[in-house]
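Next come the chains, spelled out residue by residue.
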Amino acid sequence: MLKLLQFLPKTCNPFSVRTLYAGTVDGGLLRHAFRSDDANKDDLPLLDDSVSAATALWKKEELLSRLKNLLNCTHEQSEKLYKANRKALRVFAARLLTDNIELLRANGIEDKFIYENPRVLSTPTDDLATKLKLLRELPAVEDSKMLTPFLKASLKSIQRMIEVAKQETIPGGNRINYISERTGTKVPVVIKFFATNIRVYRITLDKFITNLDICLAHLEPAHVVRHLSVLAYATSSIRERLDALKNSPLETIKPWMVRVPDIALGKSFEAVIEQGRQPVFKDSVTGTWFETYVLKRMESLLGCTEEKSREIYDKCKGSVHLVDNIEFLLDKGVVAEMIIKHPPMLMSKREDLHQKVATLETLQCLRNLNDVVPLCVLKAYQLKKIANNLNNEQLGPVNTNRIYYFADSTGFKTGDVTEQFARRTFMFRIPKDTFLANLKLFLEHMNREDILADLWAFKYSPGIVAERIARAKEVRGKKLMPWMVRCPDVVLEKSLQLTKESGALLGENETIVEYFCKRLGFDREVTNSIFIKAPSVRNVRITKVKKVIDYLLDELNYSPNDIALNPRILMHSLQTTKKRMAQLKEIGCRPKSLIIVCKSQRQYDLFVKEWIDLKDRMKKVQQYG
């Protein structure tokens, strides 16, 4: 594709507008190629017309001004139009929007329709004109302007609808009028819902009439109009479902009940029996169970609060299999605490979760299913491979694998170890000797919490791990962390150098509080109050603190009390502090308080501006006073 573009002349456009907009293999280059040729058609310049800026947009303010003048709309309305068509402006010239607006208004389309359906303006002007022409050909339509909702449909769909409408004979002249007469609904309302279910015109006329008769015999006409897509289902399926609903506990039968899966409909019956009211589905089209039933059922099964059940529901994105999976795990002996702690495993399909649990039960060294159930967040094929590796590995006693070995060695709960291993599956692929050697080294020199929180260090060979630990231990003593094993050598050297410098300042036993007492001349009580006022100062590197104190006391002649009143200065970059102090000195300002140096850039700039303005006013007063 790139070679093709290289050989084509710049003035040649081998693709039509519609092909480029619909999508190409190399969208960025093609869009830019088209836009470069098309730019001459509009006098608005691009923000960035470079070859690399394939997604550059037309100047926003000028385009908004055109829209506002053309439609006499508010700034909010023109902004909404711009945002809705922003993607199209990456492909087409800005004139597309104004041309389409003029075309719609010339055909009698009201501005209200443009505001409510701004994406219509992204349609190529020729296609939009073709749609308007086709809609005027729909039989038995008194005013074609009522058909404007169909402009949101694709040109191909509209063409098919017009072809079918011209060939068939139906009372009312077309299917829209027929539904309006049968349901007693106004034609504009029918058009509104028909435009979003235009695929109903794909079904044969006999099936359309038959399904409508069946639905109107069981459902309210207004509900049928709102859910016309139900007419596209097989006649036998509609009749079978509606017949089954006759003796249901539901007070009102609605069209979505014809479309949802059997299991979702069965759960809705349970909700009516248990709660005595109509169920509320989150998404009836996809068959997701209604929230009320699921939340109450989870509270009952897990013994948790309403807030916790809502949290689990949201984390699982309202999975259809939530309740079934919880019931299955409880039957298998998984405690509610583990289910509440690891809700992502409930998102699996029922069959997949059954297969995962069956795989875990094949572990030869399994002590309790609760120990390894967090692994259910993995894919079924991943879990099967992990189980095979664990069963084929000889590690210590018979009732032990590397999960249990890690938990027994560190003293963590097995479930917590499994959770981290599930997030870092490379722990199951590391060679056994490497795993054992590294774990021994880490336990000798590091805290167990740090080891479990940073498992990446296990991927390195024991030789590298031992060498890094030895280097770090010479400087840091017992304060070793796993990141020192896996970080680049330059980072480790820099860290150790800073540690040496800090140690040289503080000595072997001196703390940062004692350093402050000595450096600023305060007693321990005053120094502690400084840290209470700005606790983050404790985390600042002592070498940086020394440089800031030296600069403020020795070069700027500030007092220790000034630092004590504004300890935040110690957390700020020394480079920024020096830059601001130099600027303040140039304008003749020596702030009494260091707080202004610690402000945000906007607040600092405002202070400087006000100081300069005040200084200028004082000069004028002195001149004319």
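Residues numbered from 1 in each chain as written. Predicted model: local features only at pLDDT ≥ 70, side-chain atom pairs only at ≥ 80, totals over all residues. Heavy atoms only, no water.

> I'd like to hear about the overall build of the protein, residue by residue, with values.
Of regular secondary structure, the protein possesses 36 helices and zero strands. In the protein, 62% of the contacts between residues at least 6 apart in sequence involve partners at least 24 apart. Accessible area of the protein: about 33600 Å², with a carbon and sulfur share of 51%. (Helix = DSSP H or I, 4+ residues; strand = E, 2+ residues; numbered from the N terminus. Contact = heavy atoms within 4.5 Å. Areas by Shrake-Rupley, 256 points an atom, 1.4 Å probe, with all protein chains shown as cover.)

> With reference to specific residues and values, describe the side chain of Asn85.
Assignment of secondary structure puts Asn85 in the loop between helix H5 (75-84) and helix H6 (95-106). Among the polar contacts listed, one links the side chain of Asn85 to the backbone oxygen of Leu81, at a separation of 2.7 Å. Look past the residues within four positions of Asn85 in its chain and what remains in contact with it is Leu97, Pro118, Arg119, Leu121 and Ser122. (Polar contact = N/O pair within 3.5 Å; in protein donor to acceptor, adjacent residues only side chain to side chain.)

> Outline the pattern of salt bridges, listing residues and values.
Taken as a whole and assessed by the stated rule, the structure comprises 17 salt bridges. The shortest N-O distance in the salt bridge between Arg310 and Asp314 comes to 3.6 Å. Placement of both Arg310 and Asp314 in helix H18 (residues 306-315) is noted, with a separation of four residues, approximately one turn of the helix. With relative accessibility at 31%, the residue Arg310 sits in the partly exposed group. One network of salt bridges, with partners in common, ties together Lys308, Glu311 and Lys315. (Salt bridge = Lys/Arg side-chain N within 4 Å of Asp/Glu carboxyl O. Buried < 20%, exposed > 50% of the residue type's maximum accessible area, 1.4 Å probe, protein only.)

> Give me H5: which residues, what numbers.
Of all the residues in H5, the buried ones are Ser78, Glu79, Leu81 and Tyr82. An end-on view of H5 places all buried positions within 160° of arc, on one side of the element. Facing away from the buried surface of H5 by more than 90 degrees, the exposed residues are Glu76 and Lys83. At its buried positions, H5 is contacted by helix H4 (60-71) and helix H7 (111-116). (Arc of directions from axis to C-beta.)

> Describe the environment of Met257, and please don't skip the residues or the numbers.
Position of Met257 relative to the elements: it lies in helix H15 (residues 256-259). Spatially, the C-alpha atom of Met257 lies 8.5 Å from that of Leu242, the residues being 15 residues apart in sequence.

> How would you sum up helix H24 (residues 402-410)? Please name residues and give values.
Each α-helix turn comprises 3.6 residues. Residues three or four places apart therefore point the same way. Buried residues of H24: Arg402, Ile403, Tyr404, Phe406, Ala407 and Thr410, and no others. In the core, the buried residues of H24 are packed alongside helix H22 (369-372), helix H23 (380-391), helix H25 (414-423), helix H26 (432-445) and helix H27 (448-453). One or two steps after H24, the chain reaches Gly411, where phi turns positive at roughly 85°.

> Which residues make up unusual backbone geometry, and what values go with them?
Phi is positive for Ala140, close to 60°, though the residue is something other than glycine. With respect to the element layout, Ala140 can be found in the loop between helix H8 (125-135) and helix H9 (155-167). Phi is positive for Asn557, which is not a glycine, with a value near 60°. The topology assignment puts Asn557 in the loop between helix H33 (542-555) and helix H34 (560-565). Asn557 gets classed as exposed once you look at its relative accessible area, which sits at 60%.

> Pulling in residues and values, what's your account of the packing of aromatic side chains?
Each pair of aromatic rings is reported with the distance of its centres and the angle of its planes. Under the criterion given, the structure shown has ten aromatic pairs. Look at Phe194 and Tyr201: their rings are 5.5 Å apart centre to centre, the planes differ by 50°, and that puts the pair in the tilted class. Each member of the pair, Phe194 as well as Tyr201, carries the same accessibility label: buried. Ring plane angle 55° and centroid distance 6.0 Å describe the contact between Phe406 and Phe458, whose orientation is recorded as tilted. Here the residue Phe406 occupies a position in helix H24, and Phe458 occupies one in the loop between H27 and helix H28 (462-476), the gap between them amounting to 52 residues. (Phe/Tyr/Trp six-rings, centres within 6.5 Å; stacked < 30°, edge-to-face > 60°.)

> Quick one: what's the story with the side chain of Thr235, residue by residue and with numbers?
Within the secondary structure layout, Thr235 lies in helix H14 (residues 235-245). Reaching out from Thr235, the side chain makes a polar contact with the side chain of Asn211 at a distance of 2.8 Å. When sequence neighbours within four positions are dropped, the list of residues in contact with Thr235 reads Lys207, Thr210, Asn211 and Ile214.

> Can you tell me about the confidence of the model for the protein, naming the residues and giving the values?
Per-residue confidence for the protein gives a mean pLDDT of 77; residues scoring 70 or more make up 79%. Confidence, read as mean pLDDT per element, is least for helix H2 (residues 17-22) in the protein (39) and greatest for helix H10 (residues 175-183) (90). A low-confidence stretch, residues 1-41 (pLDDT under 50), is modelled with 53 contacts involving residues beyond four sequence positions or located in other chains. Across residues 48-56, confidence stays below pLDDT 50; counting only partners more than four residues off in sequence or on other chains, it has 19 contacts. (pLDDT = per-residue confidence, 0-100.)

> Account for the packing of helix H35 (residues 574-586) against helix H36 (residues 601-624), with residues named and values stated.
One can describe the packing of H35 onto H36 by two numbers: an axis separation of 11 Å at closest approach and a directional angle of 15°. In terms of orientation, H35 and H36 fall into the roughly parallel class. Both H35 and H36 take part in a crossing whose hand is right-handed. Seen from H35, the contacting residues are Arg580, Gln583 and Leu584; seen from H36, they are Gln601, Tyr604, Phe607 and Val608. (Axes fitted to C-alpha atoms, helices over the stretch in contact; angles between N-to-C directions. Parallel < 35°, antiparallel > 145°, perpendicular 65-115°, else oblique. Left-handed = near helix turned anticlockwise from the far one by under 90°.)

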